[in-house]
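Here is how the chains run, residue by residue.
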Amino acid sequence: MAQSRGFARQLAAMAVVSLLWAAPALAAERLIVPFEINELQHMVVDVEINGTGGMTAVLDTAATFPMLDSRAAGKSGVAPPGERARKVQILGLNGIKDYAVVQVGAVKMGNLNLGALDAAYNEDLDVPGAAANVLPSAAFPGDVLEINFEKGLIAMYNGRPDRKKSGVTDALDFQTRDGLIFVDIRINGKTGTGLIDTGSNLTYVNSAFAEAAKMRANEELTQRLQGATGGGEDVRVATARKLGIGDFYFTGAEVMVADPFLFESLGLAMEPAMVIGLDYLSLFTVQFDRRRNKMLLTLPEVEGQGMAITFNARDTRIR
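Calculation rules
Residues numbered from 1 in each chain as written. Predicted model: local features only at pLDDT ≥ 70, side-chain atom pairs only at ≥ 80, totals over all residues. Heavy atoms only, no water. 1 Å grid on protein atoms, 1.4 Å probe; cavity = no way out; pocket = protein on both sides within 12 Å on 5 of 7 lines; lining within 4 Å. Points joined across faces, edges and corners; volume = space filled by probe spheres on them. Helix = DSSP H or I, 4+ residues; strand = E, 2+ residues; numbered from the N terminus. Nonpolar A, V, L, I, M, F, W, Y, C, P; charged D, E, K, R; others polar. Buried < 20%, exposed > 50% of the residue type's maximum accessible area, 1.4 Å probe, protein only. Polar contact = N/O pair within 3.5 Å; in protein donor to acceptor, adjacent residues only side chain to side chain. Contact = heavy atoms within 4.5 Å. Pairing = 2+ DSSP bridges. Axes fitted to C-alpha atoms, helices over the stretch in contact; angles between N-to-C directions.

### Examining empty space enclosed by the protein
Inference 1: This model, assessed by the stated rule, comprises one cavity of 30 Å³ or more.
Inference 2: Empty space within the largest cavity amounts to approximately 110 Å³.
Inference 3: Elements represented by at least two residues in the lining of the largest cavity include exactly strand 4 (43-49), strand 6 (67-69), strand 11 (117-122) and strand 12 (134-136).
Inference 4: Residue classes in the lining of the largest cavity are distributed as twelve nonpolar, one polar and no charged.

Here's what the structure looks like:
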């Protein structure tokens, strides 16, 4: 039940911020940043902050402002914010909270060097498993942001996405709102809005989507989840006969159903909506073609994916 506990931690730690941070220009060389999925099922990169290493940060496509925890700030020589520090509003699970903003001199990861940037100063370190240092995907420059889960590499480059030599690829349109990435998702033939969230270890839908799609409640898994997390009826598990992302379909998917403040803050509380987390995204190589607003998903030709996945081929797989 590690995933169930991780889901509860993710809900407690999730935030969407109101300011968009502009990414730096891409250098001529291709930029590569290694990452790993840690024991908490977070996608983390090793970072140096102001020349001090030994720290990690989460790459989060559902965040639009960097966040630095107070311990990392102290270790790397970032001064705490003063009383007159600028504030940034962060919309979290239970409402809106102001965070003071500090300036970070430099951040390095792989062969990517970021200059001075502002970050929200995070002193809320009492939530087990919460992502403390966060880098939004906007921090990564280039026309293409590519996440290869099989190799554990993030690549940034200009031009068009590299064509994969093996595997099956589909491209789907995405929209950005306040720096967040949204795609259309289908569950049991019903279409909803999906937020791409590499900061979430699990995928979940809101109640409106579960009801519209007539998802079947899974009482056994719900009881196990609530027993592990101590949660009530507000968190449950339902089964989707067919969950579609682009031309890929997952059959018999067991999905969490919950209504965190996130959906309300995005204006999606009453509409079919869901968060697509690492449990699904990590099955693919994911490429964001920022110029054309396309998200390419490539399913590697490997065995043991652990989910029943079907590709509904069209005349053109790459659009």
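Don't stop here, the text continues.
### Re the side chain of Ser 76
Inference 1: Here Ser 76 is to be found in helix 2 (residues 70-76).
Inference 2: Ser 76 sits in the buried class, given a relative accessible area of 7%.
Inference 3: At a separation of 2.7 Å, a polar atom in the side chain of Ser 76 contacts the main-chain carbonyl oxygen of Ala 72.
Inference 4: Those residues in contact with Ser 76 that sit more than four places away from it in its chain are Ile 49, Asn 50, Thr 52 and Met 55.

### What about the sheet that holds strand 2 (residues 31-34)?
Inference 1: Read from one edge of the open sheet, six strands run 2-14-13-24-25-15, paired in antiparallel fashion. At either margin of the open sheet sits one strand with a lone partner, and together these are strand 2 and strand 15 (168-173). Between one strand axis and the next, the sheet turns by 15 degrees as a mean value, whatever way the strands run.
Inference 2: Where strand 13 (residues 144-148) lies against strand 24 (residues 285-289), five bridges are found, and the strand directions are antiparallel. Its bridge partner lying in strand 24, Leu 145 is registered against Phe 288.

Interpretation in functional terms is not warranted from these geometric data alone.
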